[in-house]
Amino acid sequence: MRKRHVLAEIISVMGMILCVEVTAQQTAVNDSNTPLHLLQPEYTIPYKQWTTEEIKQNLDRILAYLDKTTPTLVRDTLSGKEITDYTQLNKHTQLEKGDFRLASYEWGVTYTGMLEAAAATADPKYSEYVAKRFAFLSEVAPHFLRLRKEYRVVDRQINQVILPGSLDDAGAMCAALVKFGRTASGVDYKELINNYLDFIENKEHRLSDGTFARMRPQANSLWLDDMYMGIPALVQMGVYTGEKRYFDEAVKQVKQFTQRMFVPEKGLYLHGWIESSDSHPAFHWARANGWALLTLTEVLDALPQDHPERADIVCIYKQHVKGITAYQSGSGFWHQLLDRNDSYLETSATAIYVYCIARGINRGWLDPISYGPVAQLGWSAVATKINGQGQVEGTCVGTGMAFDPAYYYHRPVNAYAAHGYGPALLAGAEMITLIKKFHPKMNDSAIQYYETDPKTDASIFGVDGKTY
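For the protein chain, the name recorded in an unreviewed UniProt entry is Glycoside hydrolase family 88 protein, with Sphingobacterium olei as its organism.

Listed below in structure tokens is the structure:
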């Protein structure tokens, strides 16, 4: 009896399996019963349409994190007490240490990113972040300068403000101060601005033709980074003062860097150039190319439309955008070394490219059909690196110039690398403007950019109003 019962169960199970197999065969997805081209791919990075609200949520997380972790107070390190009367600063006084320095070049970019976010979102919290910190630095700087004269010692953070020793100290902060001063009423940062400008114009080392240069790691080295560390400040001074000489000097610097370091067949810049060398280190480091493209973008933003060399800068900008776009990975990120896709994917450079390309479309320098999807894919990648705390992950730490690939391949990434925050803010802000101005829409499973709203939710549609 038991054997018969077991046999019946086996027959029943086999029947069920056979039934499932028959059903599976009947419902199998194939070319006859399913539009296979509309199947959803397994994207590693979200491939989607974005809303302004979604982008702003990312920016808000960054703002909340930075507002909490970049305090504006002075502390007596001997007693541990906060000092509110700055006339009472002593040789043990330091700025309170947060996660990031308030006056580094990276934070010059961050302040600019905050201003762009304020403009794109109409949310004053972003500009308030900048106003609070600029007011603080402006107020404490003269008192720390007194300490420097009296004791020959001063906190490293504020030393970058009162005694800049490199373009890194001066250029990005100078440009951000000028930009803020043009949008805010009742502020005057002339002393800080002129102090930074004095270093840029009169103290920075240069080649014999005036190109910004460094004496490390080799004599008379050009660092592509220094395009951004010096040139945007010059064009901002042109806007600030109305003096044409600043625009002319900025254009001259761009052309002299480009003549030596741009590789036309790749559409990319070298990271380094050594005056004494016949052959230069052929590494196309992503963030350095980002600094160059950001410089070109800022120059075009500020350069008068009737400047006789504006068309030359537009041409360089477009060549560089075309070159960079060709190296975007399928994930939306760009690689640490742009032309070496076995190097890691890097966030800060990707964010800079997103901003510069989106800005170019919004300003009419670039075709939205060709470049809108590039920027949108890049933003989708960057957004995955903004964690719940508001930190920007996947950013390469500060990087010098090297003559071998191992150095670039193995630079650490860190959420405390300050280089990621300003670019992420810039990218998100400009993407908000971009999707307000244009109409990105999924068509045949691909993001397309339209100047007028297609007003359809069809999977596949034509600009003739028909669906397919």
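> Looking at this model, I keep getting lost on the confidence of the model for the protein chain. Mind explaining?
Averaged over every residue, the pLDDT of the protein chain is 94; residues scoring 70 or more account for 94%. No element of the protein chain has a lower mean pLDDT than helix H1 (residues 2-27), at 51, and none a higher one than helix H12 (residues 347-363), at 99.

> Please explain the sheet that holds strand E1 (residues 74-76) as it appears in this structure.
In sheet architecture, strand pairing relies on hydrogen bonds along the backbone and comes in two forms, parallel and antiparallel. Sheet architecture is open: three strands sit in the order E2-E1-E3, paired in antiparallel fashion. The open sheet has two edge strands, strand E2 (82-83) and strand E3 (93-95), and neither has a second partner. As paired strands, E1 and E3 are joined by three bridges and run antiparallel to one another. Of the residues in E3, the one forming a bridge with Asp76 is Thr93.

> Help me understand the pattern of salt bridges, please; the structure alone is not making it clear to me.
Pairing is possible between side chains of opposite charge, provided their charged atoms come close. For the structure on display, the rule yields 26 salt bridges. A salt bridge links Glu96 to Arg75; the nearest nitrogen and oxygen atoms lie 2.6 Å apart. With a gap of 21 residues between them, Glu96 in the loop between E3 and helix H3 (105-121) and Arg75 in strand E1 connect regions that are remote in the sequence. In this structure Arg75 comes out as partly exposed when scored by relative accessible area, which is 24%. For Asp339, the salt bridge goes to Lys266, with nearest N and O atoms at 2.5 Å. One end of the pair, Asp339, is in the loop between strand E8 (334-335) and strand E9 (345-346); the other, Lys266, is in the loop between strand E5 (262-263) and strand E6 (268-269), and 73 residues separate them in sequence. Relative accessible area serves as the criterion here: at 30%, Lys266 is assigned to the partly exposed category. Each of Glu116, Asp301, Arg359, Arg363 and Glu430 takes part in one network of salt bridges that share partners.

> In this structure, what is going on with the environment of Ile193? I would like to understand it.
Tracing the backbone through its elements, the reader meets Ile193 in helix H7 (residues 190-203). Considering only alpha carbons, one finds Ile193 and Cys174, 19 residues apart in sequence, at a separation of 5.5 Å. Excluding anything up to four places from it in sequence, Ile193 contacts Cys174, Leu177, Val178, Met237 and Tyr240.

> I'm lost on the packing of aromatic side chains in this one. Help?
Ring pairs (aromatic) are described by centroid distance and by the angle formed between their planes. Applying the stated criterion across every chain, the model contains 23 aromatic pairs. Pairing Tyr86 with Phe136 gives two aromatic rings, centres 6.4 Å apart and planes at 75°, and the pair type is edge-to-face. With Tyr86 in the loop between E2 and E3 and Phe136 in helix H4 (residues 124-151), this pair connects stretches of sequence that are 50 residues apart. As far as burial versus exposure is concerned, Tyr86 and Phe136 are alike and both buried. With a centroid separation of 6.4 Å and an interplanar angle of 45°, the aromatic rings of Trp285 and Tyr408 are classed as tilted. In this pair, Trp285 sits in the loop between strand E7 (272-274) and helix H10 (286-302) while Tyr408 sits in helix H14 (residues 405-409), placing the two residues 123 residues apart along the sequence. In this structure, Trp285 and Tyr408 share a single accessibility class: buried. In this structure an aromatic cluster arises from ring pairing among Tyr65, Phe100, Trp107, Tyr416 and Tyr421.

> Would you explain the side chain of Thr69 in this entry?
Looking at where Thr69 falls in the secondary structure, it is placed in helix H2 (residues 52-69). Here Tyr65 takes part through its backbone oxygen, which lies 2.8 Å from a polar atom of the side chain of Thr69. Contact partners of Thr69, with chain neighbours within four places excluded, come to Gly98, Asp99 and Phe100.

> How should I be thinking about H3 in this particular structure?
With 17 residues, H3 should reach 24 Å at 1.5 Å per residue; the first-to-last C-alpha distance of 24 Å fits that figure. A large share of H3 lies buried, amounting to 16 of its 17 residues. Just downstream of H3 lies Ala122, where phi reads positive at about 60°.

> Where do I start with the packing of H10 against H12 in this structure?
The angle between the axes and the distance between the axes are what describe a pair of packed helices. It is the contact of H10 with H12, at a shortest axis distance of 9 Å, that shows an interaxial angle of 25°. Judged on the interaxial angle alone, H12 and H10 are roughly parallel. Our pair here, H10 against H12, has a crossing hand that is left-handed. Where H10 abuts H12, its residues Ala286, Arg287, Asn289, Gly290, Trp291, Leu293, Leu294, Thr297 and Asp301 lie against Ser348, Ala349, Ile352, Tyr353, Tyr355, Cys356, Arg359 and Arg363. Each residue belonging to the contact of H10 with H12 can be placed in one class, and the counts come to nine nonpolar, four polar and four charged.

> Explain the environment of Asp248 to me, please; I cannot follow it from the model alone.
Of note, Asp248 is situated in helix H9 (residues 244-261). It is 9.1 Å that separates the C-alpha atoms of Asp248 and Leu234, two residues lying 14 residues apart in sequence.

> How should the pairing of strand E11 (residues 446-450) be read in this particular structure?
Consecutive side chains along a regular strand alternate between the two faces of the sheet. Note: strand E10 (residues 439-443) against E11, five bridges, orientation antiparallel. Across the sheet, the residue bridging to Pro440 is Tyr449, located in E11. Once E10 ends, the chain turns through two residues before running back antiparallel as E11, passing Asp444 with a positive phi of about 55°.

Thresholds applied
- Residues numbered from 1 in each chain as written.
- Predicted model: local features only at pLDDT ≥ 70, side-chain atom pairs only at ≥ 80, totals over all residues.
- Heavy atoms only, no water.
- pLDDT = per-residue confidence, 0-100.
- Helix = DSSP H or I, 4+ residues; strand = E, 2+ residues; numbered from the N terminus.
- Pairing = 2+ DSSP bridges.
- Salt bridge = Lys/Arg side-chain N within 4 Å of Asp/Glu carboxyl O.
- Buried < 20%, exposed > 50% of the residue type's maximum accessible area, 1.4 Å probe, protein only.
- Contact = heavy atoms within 4.5 Å.
- Phe/Tyr/Trp six-rings, centres within 6.5 Å; stacked < 30°, edge-to-face > 60°.
- Polar contact = N/O pair within 3.5 Å; in protein donor to acceptor, adjacent residues only side chain to side chain.
- Expected span 1.5 Å × (residues − 1).
- Axes fitted to C-alpha atoms, helices over the stretch in contact; angles between N-to-C directions.
- Parallel < 35°, antiparallel > 145°, perpendicular 65-115°, else oblique.
- Left-handed = near helix turned anticlockwise from the far one by under 90°.
- Nonpolar A, V, L, I, M, F, W, Y, C, P; charged D, E, K, R; others polar.

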